[in-house]
Amino acid sequence: GAGVSQSPRYKVAKRGQDVALRCDPISGHVSLFWYQQALGQGPEFLTYFQNEAQLDKSGLPSDRFFAERPEGSVSTLKIQRTQQEDSAVYLCASSILAGGSTDTQYFGPGTRLTVL
Amino acid sequence: QQQVKQSPQSLIVQKGGIPIINCAYENTAFDYFPWYQQFPGKGPALLIAIRPDVSEKKEGRFTISFNKSAKQFSLHIMDSQPGDSATYFCAATHTGGFKTIFGAGTRLFVKA
């Protein structure tokens with residue numbers, strides 16, 4: 001079945017490089033979430049989209065982080081001038097309904113970002 | 001006030017045992033408490049969720065107990081199997097909110 005897919009699965013970047021991480025949600029899902037998961041920790045919320053509208057970006061750690069979902073389906077998380085502390089797994093999740101986080105979220109496998 | 005505190009960090013049980021994972025929260029606005037299971041290299045997957053108007057919910061071998069006055073909830077896994085070996089996360093959010101707060105996780109190992 002078609003679940004949430006993310007690409008690339010692994011990304012190694014040199015400090016200072018820009019990276020772009022892609023999320024393909026389940027077709028028809030209105031809501032899309034990005035999370036950051038540090039090693040040995042739980043996921044931490046980054047941002048939320050309802051269709052193409054970014055309704056909450058309170059979890060983005062700095063202005064180096066930017067997310068978009070221009071047509072309400074595929075989303076991209078961009079990190080500019082990567083730093084070592086950005087090393088983590090970046091998870092994307094989608095849910096069928098609008099209106100927030102109490103609907104079942106389906107997670108992708110994540111992109112593991114390593115910044116050298 | 002946004003934290004969800006989870007314990008223990010790790011747990012080892014024999015096959016057939018009943019591991020118990022505990023979580024506590026502060027924010028009384030939270031009204032939805034999901035539990036997730038995560039295998040290495042995979043994203044979390046929803047196991048079971050509860051709202052504070054019930055004190056217990058069972059789905060298969062998984063049971064959530066909820067104590068609203070103490071602001072605590074726990075996951076029990078009945079008749080645990082080696083295939084249950086994974087990391088478990090409790091979480092909390094509120095209706096109309098967009099942000100789910102996760103606990104730090106419990107690594108469970110079930111011995112055959």
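No experiment lies behind these values; they were computed from the predicted model shown.

Give a description of unusual backbone geometry that names residues and reports values.
Residues and elements named next belong to chain A. Here Ser7 and Pro8 are connected by a cis peptide whose omega angle stands at -10°. You can see Pro8 is positioned in the loop between strand 1 (5-7) and strand 2 (10-13). The phi torsion at Asn51 lies on the positive side, around 55°, for a residue other than glycine. Residue position: Asn51 is located in the loop between strand 5 (44-50) and strand 6 (53-56).

Explain the state of the cysteines residue by residue, including any values.
Applying the stated criterion across every chain, the model contains 2 disulfides over all chains. Here Cys23(A) connects covalently by a disulfide to Cys92(A), the sulfurs 1.8 Å from one another. Around the S-S axis, the bridge from Cys23(A) to Cys92(A) shows a dihedral of about -60° and counts as left-handed. Note that Cys23(A) is positioned in strand 3 (residues 19-24) and Cys92(A) in strand 9 (residues 88-95), a separation of 69 residues in sequence. Taken individually, Cys23(A) and Cys92(A) each receive the classification buried, so the pair is uniform in this respect. What pairs with Cys23(B) in a disulfide is Cys90(B), and their sulfur atoms sit 1.9 Å apart. Note on the Cys23(B) and Cys90(B) pair: the S-S dihedral is about -95°, so by sign convention the disulfide is left-handed.

Mind laying out the pattern of salt bridges, listing which residues take part and the relevant values?
Residue and element names in this part refer to chain B. The tally for this structure, following the rule as stated, stands at 7 salt bridges over all chains. A salt bridge links Lys71 to Glu26; the shortest N-O distance between them is 3.9 Å. Placement of the pair is Lys71 in the loop between strand 7 (62-67) and strand 8 (72-77) and Glu26 in the loop between strand 3 (20-25) and strand 4 (33-38), with a sequence separation of 45 residues. By relative accessible area, which is 22% here, Lys71 ends up partly exposed. Between Lys57 and Glu59 there is a salt bridge, with the nearest N and O atoms lying 3.7 Å from each other.

Break down the sheet that holds strand 3 of chain A for me, with residues and values.
Residue and element names in this part refer to chain A. Pairing is antiparallel across the open sheet formed by 4 strands, whose spatial order is 1-3-8-7. With partners counted over all chains shown, the strands left at the sheet margins are strand 1 and strand 7 (65-68), one partner each. With direction set aside, neighbouring strand axes in the sheet form an average angle of 15°. As paired elements, strand 1 and strand 3 share 3 bridges and run antiparallel to each other. Within strand 3, the position partnered with Gln6 by the bridge is Cys23.

Pulling in residues and values, what's your account of the sheet that holds strand 6 (residues 56-59) of chain B?
All names here are of chain B. As summarised here, the arrangement of the 5 strands in space is 1-3-8-7-6, forming an open sheet in which the pairing is antiparallel. Since the sheet does not close on itself, it has two edges, and those belong to strand 1 (4-7) and strand 6, each with one partner. Sheet twist, expressed as the average angle between the axes of neighbouring strands with direction ignored, equals 15°. The pairing of strand 7 with strand 8 spans 6 bridges and is classified as antiparallel. Within the sheet, the bridge partner assigned to Ser65 lies in strand 8 and is Ser74.

Any chance you could break down the interface of chain B and chain A for me, citing the residues and the numbers?
Contacts between the two partners involve 21 residues from chain B, matched on the other side by 23 residues from chain A. Summing the contributions of chain B and of chain A, the shared interface buries around 1,600 Å²; its carbon and sulfur component is 56%. The three residues of chain B that bury the most area against chain A are Phe98(B), Lys99(B) and Phe102(B), which together make up 35% of that side's buried surface. Joining chain B to chain A, the criterion identifies 0 salt bridges. At the boundary of chain B with chain A, the tally comes to 4 residue pairs in polar contact (both at pLDDT 80 or more).

Cut-offs used in this document
- Residues numbered from 1 in each chain as written.
- Chains lettered and ligands numbered in written order.
- Predicted model: local features only at pLDDT ≥ 70, side-chain atom pairs only at ≥ 80, totals over all residues.
- Heavy atoms only, no water.
- Helix = DSSP H or I, 4+ residues; strand = E, 2+ residues; numbered from the N terminus.
- Disulfide = S-S within 2.5 Å.
- Buried < 20%, exposed > 50% of the residue type's maximum accessible area, 1.4 Å probe, protein only.
- Salt bridge = Lys/Arg side-chain N within 4 Å of Asp/Glu carboxyl O.
- Pairing = 2+ DSSP bridges.
- Axes fitted to C-alpha atoms, helices over the stretch in contact; angles between N-to-C directions.
- Contact = heavy atoms within 4.5 Å.
- Buried area = accessible area lost by both parts, 1.4 Å probe.
- Polar contact = N/O pair within 3.5 Å; in protein donor to acceptor, adjacent residues only side chain to side chain.

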